[in-house]
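Descriptive structure summary
This is what each chain is made of:
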Number of protein chains: 2
Amino acid sequence: MRREFKKKSKVLLIDDNYEHLAGIRELLNIEGTFDVVGIATNITVGLNLIKKYQPDIVLLDMNMPEKDGLQGILEISKLDLDVKVLALSGYDDADLIFRAMKIGAKGYVLKTMASAQLIYAIEEVLNGKIYLPLALSSRFFEYFQQTFREENAKQETGEEEENLLDYLTQREKEVLELLTQGITYKGVANKLFISETTVKTHVNNIFQKLQVNDRTQAVLYAINNGFLSNKMRISA
Amino acid sequence: MRREFKKKSKVLLIDDNYEHLAGIRELLNIEGTFDVVGIATNITVGLNLIKKYQPDIVLLDMNMPEKDGLQGILEISKLDLDVKVLALSGYDDADLIFRAMKIGAKGYVLKTMASAQLIYAIEEVLNGKIYLPLALSSRFFEYFQQTFREENAKQETGEEEENLLDYLTQREKEVLELLTQGITYKGVANKLFISETTVKTHVNNIFQKLQVNDRTQAVLYAINNGFLSNKMRISA
DNA sequence: AAAGATATAGACCAAAAGATTAACACAATG
DNA sequence: CATTGTGTTAATCTTTTGGTCTATATCTTT
């Protein structure tokens, strides 16, 4: 079988530090399997280059003046091209790492890391993987767990701590459900095929059980206690 | 300087598969730096052993009948001892990894991984670090980003899409802020030292600007558009 | 100086919300 | 079987809310 020419991956660099920029370009050129199709010292220029050259991967410095790296990631992904972003940073700022990964960075490496690790990271990302060096993923997870600690604490004690919503009857929950959509009593009455006054009675009972005095407070209680829209919730 | 005796770390194993349990115990005994203080084939027994022996670390199988591993982690952390949990699993189920890490597991390793890696993971965790093998952290991050993708999509277009809240004047925001607490017009009037009719005027303007017809809807709009309680929100 | 936006507030009316009381059904309990 | 309790239904009455219109004072911008 004839050996195929491996197509070089197109890489684009964005870093406000030109020294560093040139250094990486040199490194990647020497490595030989990459084709640095463009370099930019700010995001605006970088975005244009991305549109022009459609690189496979962008190495994006996180710590830049004016537009910061996070904004850059968002804008790159808004281009809706198949460009992977590998974040570069001088510091292992957990919050920055967390947010970068959250908005879709495919990896995050420190500038202080060995060239070999950078190369490896780029390759992993190009292969569709997500790469965070152990040191950074460790930082990430600390931050991640800390972010959820409070929520977890609630969850842990959540079994003992009474959720007033549990005291509502089925019918009352139905009514509350509709209230949380900003529907009037009349509207609720129509939806449930009962009279408006009946709805009021239910609502009054709801108020008492939730220990609130009006619908706004009831709706707030419902939302804050897992009645709806629990995206990131853990049920155990 | 005299060499001190290194105190062996106390390890406790919980796994419903006795074969595997014995295997790990053997491995750790051979290694020599660990002291396996107890083994259990279910969580209930395991919890008692933890209370009794106060191990430094617990290797906890995630895939167990009756109580699953996640529940186990929660219950262990509820003991409020300084016990680190290293999750063990036969599969690299992204959801399981995500949830385990979220509720505080200090690490997650696959049973299929080499012994050396298990030893290393245990040591890292004992040293206060959080350890996820590259393969698993990769899975984790895929899941993590997927979880946020929807939210990100909103965020990305969030700049163009107008947030009606921006049209509110400062005073109107103050009023809305109070409305979201379920305070009556009279109450708002008192808090802001203005007349009740003025509050009504503001509220009316708010309704028009937010394109809603009543306070409940206004409050819901406010909450859904970043007016308050944005725990896990990313601002960019 | 004029125009525009903002904060203030009164009057009036209609609609909705909230409090109180009560009837009916049904299940559990003594 | 009577009783007690709970849940659903509903009417009446009072308070709050919301709509509309008008109006004044202040402040900024043109």
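This text follows the structure it describes.
Residues numbered from 1 in each chain as written. Chains lettered and ligands numbered in written order. Predicted model: local features only at pLDDT ≥ 70, side-chain atom pairs only at ≥ 80, totals over all residues. Heavy atoms only, no water.

**Structural notes on the protein's contact with DNA strand C**
Lining the immediate environment of DNA strand C, one finds 16 residues, of which A:Tyr185, A:Asn204, A:Arg215, B:Thr169 and B:Ser195 sit closest. For DNA strand C, the fraction of atoms within 4 Å of the protein that belong to sugar or phosphate moieties is 65%. Between DNA strand C and the protein, one listed contact pairs a phosphate oxygen with a side-chain N or O atom of A:Asn204 at 2.6 Å. Separating a phosphate oxygen of DNA strand C from a side-chain N or O atom of B:Arg171 is a distance of 2.8 Å. At four residues, helix H9 (residues 196-210) of chain B tops the list of elements feeding residues into the surface near DNA strand C. Residues that form the surface near DNA strand C fall into these classes: three nonpolar, eight polar and five charged. (Near = heavy atom within 4 Å. Polar contact = N/O pair within 3.5 Å; in protein donor to acceptor, adjacent residues only side chain to side chain. Helix = DSSP H or I, 4+ residues; strand = E, 2+ residues; numbered from the N terminus. Nonpolar A, V, L, I, M, F, W, Y, C, P; charged D, E, K, R; others polar.)

**Looking at the pairing of strand S2 (residues 34-40) of chain A**
Of all seven residues making up S2(A), five are buried, and the element is well covered by its neighbours. Each parallel crossover has a hand, and the one from strand S1 (residues 9-14) of chain A via helix H1 (residues 18-31) of chain A to S2(A) is right-handed. (Buried < 20%, exposed > 50% of the residue type's maximum accessible area, 1.4 Å probe, protein only. Right-handed = clockwise from strand over helix to strand, strands pointing away.)

**Here we look at the sheet that holds S1(A)**
All names here are of chain A. One open sheet accounts for five strands, arranged S2-S1-S3-S4-S5; its pairing is parallel. The open sheet is flanked by S2 and strand S5 (107-110), the only strands paired with a single partner. Looking at each pair of strands side by side, their axes are set apart by 25 degrees on average, direction ignored. Relative to strand S4 (residues 84-89), strand S3 (residues 57-61) runs parallel, the two sharing five bridges. Residue pairing across strands places Val58 opposite Val85, the latter belonging to S4. Seen against the sheet, H1 touches S1, S2, S3 and S4 and runs at an angle of roughly 165 degrees to S2. Those strands touched by helix H5 (residues 115-126) are S1, S2, S3, S4 and S5, and its axis lies near 155 degrees from that of S4. (Pairing = 2+ DSSP bridges. Axes fitted to C-alpha atoms, helices over the stretch in contact; angles between N-to-C directions. Contact = heavy atoms within 4.5 Å.)

**Focus: the protein's contact with DNA strand D**
Taken together, the neighbourhood of DNA strand D is formed by 17 residues, with A:Thr169, A:Ser195, A:Thr201, B:Tyr185 and B:Arg215 sitting nearest. A breakdown of the atoms of DNA strand D within 4 Å of the protein gives sugar and phosphate a share of 65%. Taking B:Asn204, its side chain carries an N or O atom lying 3.1 Å from a phosphate oxygen of DNA strand D. Listing elements by their share of the surface near DNA strand D, those giving two or more residues are helix H9 (196-210) of chain A together with helix H8 (185-192) and H9 of chain B. For the surface near DNA strand D, the element with the most residues is H9(A), which contributes four residues. Broken down by class, the residue content of the surface near DNA strand D amounts to three nonpolar, nine polar and five charged.

**Considerations on the sheet that holds strand S3 (residues 57-61) of chain B**
Residues and elements named next belong to chain B. As summarised here, the arrangement of the five strands in space is S2-S1-S3-S4-S5, forming an open sheet in which the pairing is parallel. For this open sheet the edge positions go to strand S2 (34-40) and strand S5 (107-110), each flanked by a neighbour on one side alone. Within the sheet, the average angular offset between the axes of one strand and its neighbour, ignoring direction, is 25 degrees. In this sheet, S2 lies alongside strand S1 (residues 9-14) in parallel orientation, the contact comprising six bridges.

**Here's the deal with the pattern of salt bridges**
Tallied over the full model, the rule gives 14 salt bridges over all chains. B:Glu124 is the salt-bridge partner of B:Lys129, the closest N and O atoms lying 3.9 Å from each other. B:Glu124 sits in the buried class, given a relative accessible area of 12%. Several salt bridges share partner residues, and in doing so they unite A:Asp15, A:Asp61 and A:Lys111 into one network. (Salt bridge = Lys/Arg side-chain N within 4 Å of Asp/Glu carboxyl O.)

**Some thoughts on the packing of aromatic side chains**
The geometry of an aromatic ring pair comes down to the distance between the two centres and the angle between the two planes. Applying the stated criterion to the full structure yields 21 aromatic pairs over all chains. Members of the aromatic cluster, joined through ring pairs, are A:Phe98, A:Phe140, A:Phe141, A:Tyr143, A:Phe144, B:Phe98, B:Phe140, B:Phe141, B:Tyr143 and B:Phe144. (Phe/Tyr/Trp six-rings, centres within 6.5 Å; stacked < 30°, edge-to-face > 60°.)

**Re the packing of helix H7 (residues 170-179) of chain A against helix H8 (residues 185-192) of chain A**
Residues and elements named next belong to chain A. As a packed pair, H7 and H8 sit with axes 10 Å apart at the nearest point and diverge in direction by 130 degrees. By the angle class used here, H7 and H8 are oblique. Note that H7 runs across H8; the crossing there is right-handed. Where H7 approaches H8, its residues Arg171, Glu174, Val175, Leu178 and Leu179 are matched on the opposing element by Tyr185, Val188, Lys191 and Leu192. (Parallel < 35°, antiparallel > 145°, perpendicular 65-115°, else oblique. Left-handed = near helix turned anticlockwise from the far one by under 90°.)

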